[in-house]
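Reading the structure
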Amino acid sequence: MSETIFSKIIRKEIPAEIVYEDDQCLAFKDVNPQAPIHVLIIPKKEIAKVADASSDDQNILGYLLLKAGEIAQDLGVKDAFRLVINNGENAGQTVFHLHVHLLAGRSFNWPPG
Ligand code: DGP
């Protein structure tokens, strides 16, 4: 995959409001928040989208969800949050480095738009 702006955020070449980091993932505030809390959780490994993940990525995919739950707890929203992963342009993906949106702090509709 070609590199995205998220690789630059991982390397700290451009700033981001980081809320969590370890050797496998990074979580930072979305620059265009869609809810009072809107955090992106990304693998440090460059995977363009869910559909491009392989069986080698099984652990990191699960890890991102576990971390999402922990970050929600740290942010005080563990009882009500929404996780979104857009896969592909027609599903709303604009940055082709896999990311989990963690949204909280308002009510959400179902079905999603
Ligand atoms: P998606 O549409 O699912 O690909 O979401 C991409 C998100 O990434 C979008 O909500 C805006 C956010 N975003 C794009 N560029 C930057 C950036 O440079 N910094 C931060 N913090 N967020 C970004």
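In every chain, residue numbers begin from 1 and rise along the written sequence. Two thresholds apply to this predicted model, a pLDDT of at least 70 for residue-level local features and 80 or more for giving and counting side-chain atom pairs, whereas whole-chain, interface and lining totals are computed over all residues. Computation of side-chain values: all heavy atoms of the structure, hydrogens and water removed.

Moving on: the overall build of the chain. The number of helices and strands found in the chain is two helices and five strands. Relative to its length of 113 residues, the chain is compact, with a C-alpha radius of gyration of 13 Å against a globular reference of 13 Å. Taking the principal axes of the C-alpha coordinates as reference, the chain spans close to 35 × 30 × 25 Å. The classification of residues rests on relative accessible area computed with a 1.4 Å probe and restricted to protein chains. Under 20% of the type maximum is buried, over 50% is exposed, and intermediate values are partly exposed. Residues classed as buried in the chain amount to 37% of the 113 residues present. Taking the contacts inside the chain whose residues are at least 6 apart along the sequence as the reference set, 54% of them involve residues at least 24 apart. Areas reported as accessible are Shrake-Rupley estimates using a 1.4 Å probe. Residue values count occlusion only from the protein chains shown. For the chain, the computed accessible surface area is about 6,800 Å², with 50% contributed by carbon and sulfur atoms. The positive charge centre, built from 11 side chains, and the negative charge centre, built from 15, are 3 Å apart in the chain. Helix and strand labels come from DSSP, where a helix needs a run of H or I of at least four residues and a strand needs a run of E of at least two; each type is numbered from the N terminus. Within these notes, the globule rule equals 2.2 Å times the number of residues to the 0.38 power, and the radius of gyration is based on C-alpha atoms. Note on definitions: a residue-residue contact is assigned when non-hydrogen atoms from the two residues lie within 4.5 Å. Neither His nor the chain termini are counted; the positive set is Lys and Arg, and the negative set is Asp and Glu. Throughout, a charge is located at the NZ atom of Lys, the CZ atom of Arg, the CG atom of Asp or the CD atom of Glu.

As for its position among the elements, Glu 89 is in the loop between strand E4 (81–84) and strand E5 (100–104). Residue classification places Glu 89 among the exposed positions, given a relative accessible area of 65%. Residues Glu 89 and Ile 41, 48 residues apart in the sequence, show an inter-C-alpha distance of 19 Å.

This part covers the packing of aromatic side chains. To pair, rings of Phe, Tyr and Trp, with the six-membered ring standing in for Trp, must have centres within 6.5 Å; the planes then decide the type, stacked if under 30 degrees apart, edge-to-face if over 60, and tilted in the middle. For the coordinates displayed, the defined rule picks out one aromatic pair. Taking 5.4 Å as the distance between ring centres and 80° as the angle between the ring planes, the aromatic pair formed by Phe 6 and Phe 28 counts as edge-to-face. Residue Phe 6 is located in helix H1 (residues 5–10), and its partner Phe 28 is located in strand E2 (residues 25–29); the two are separated by 22 residues in the primary sequence. For Phe 28, a relative accessible area of 2% translates into the label buried.

This part covers helix H2 (residues 58–74). In this model H2 runs 25 Å from its N-terminal to its C-terminal C-alpha over 17 residues, within 8% of the 24 Å that 1.5 Å per residue would give. Tucked into the core, H2 has its buried residues touching strand E1 (18–21), E2, strand E3 (37–43), E4 and E5. Multiplying 1.5 Å by the helix residue count minus one yields the expected span of that helix.

Of all five residues in E5, five are buried, a share of seventy percent or more. Covered by surrounding structure in E5 are Val 100, Leu 102 and Ala 104 together with His 101 and Leu 103, the residues of both alternating faces. Bridge analysis of E3 against E5 gives five bridges, and the strand direction is antiparallel. Paired with Leu 40 across the bridge in E5 is His 101. One ladder, built from four bridges, connects E4 with E5; its direction is antiparallel. Paired with Arg 82 across the bridge in E5 is Leu 103. Note: two strands are recorded as paired if DSSP finds a minimum of 2 bridges between them.

Looking along a regular strand, one sees side chains alternate from face to face of the sheet. Counting buried positions over the seven residues of E3 gives seven, a clear majority of the element. Across the two faces of E3 the burial is the same, with Ile 37, Val 39, Ile 41 and Pro 43 and His 38, Leu 40 and Ile 42 all buried. By the bridge criterion, five bridges tie E2 to E3 in an arrangement that is antiparallel. Along E3, the bridge assignment pairs Leu 26 with Ile 42.

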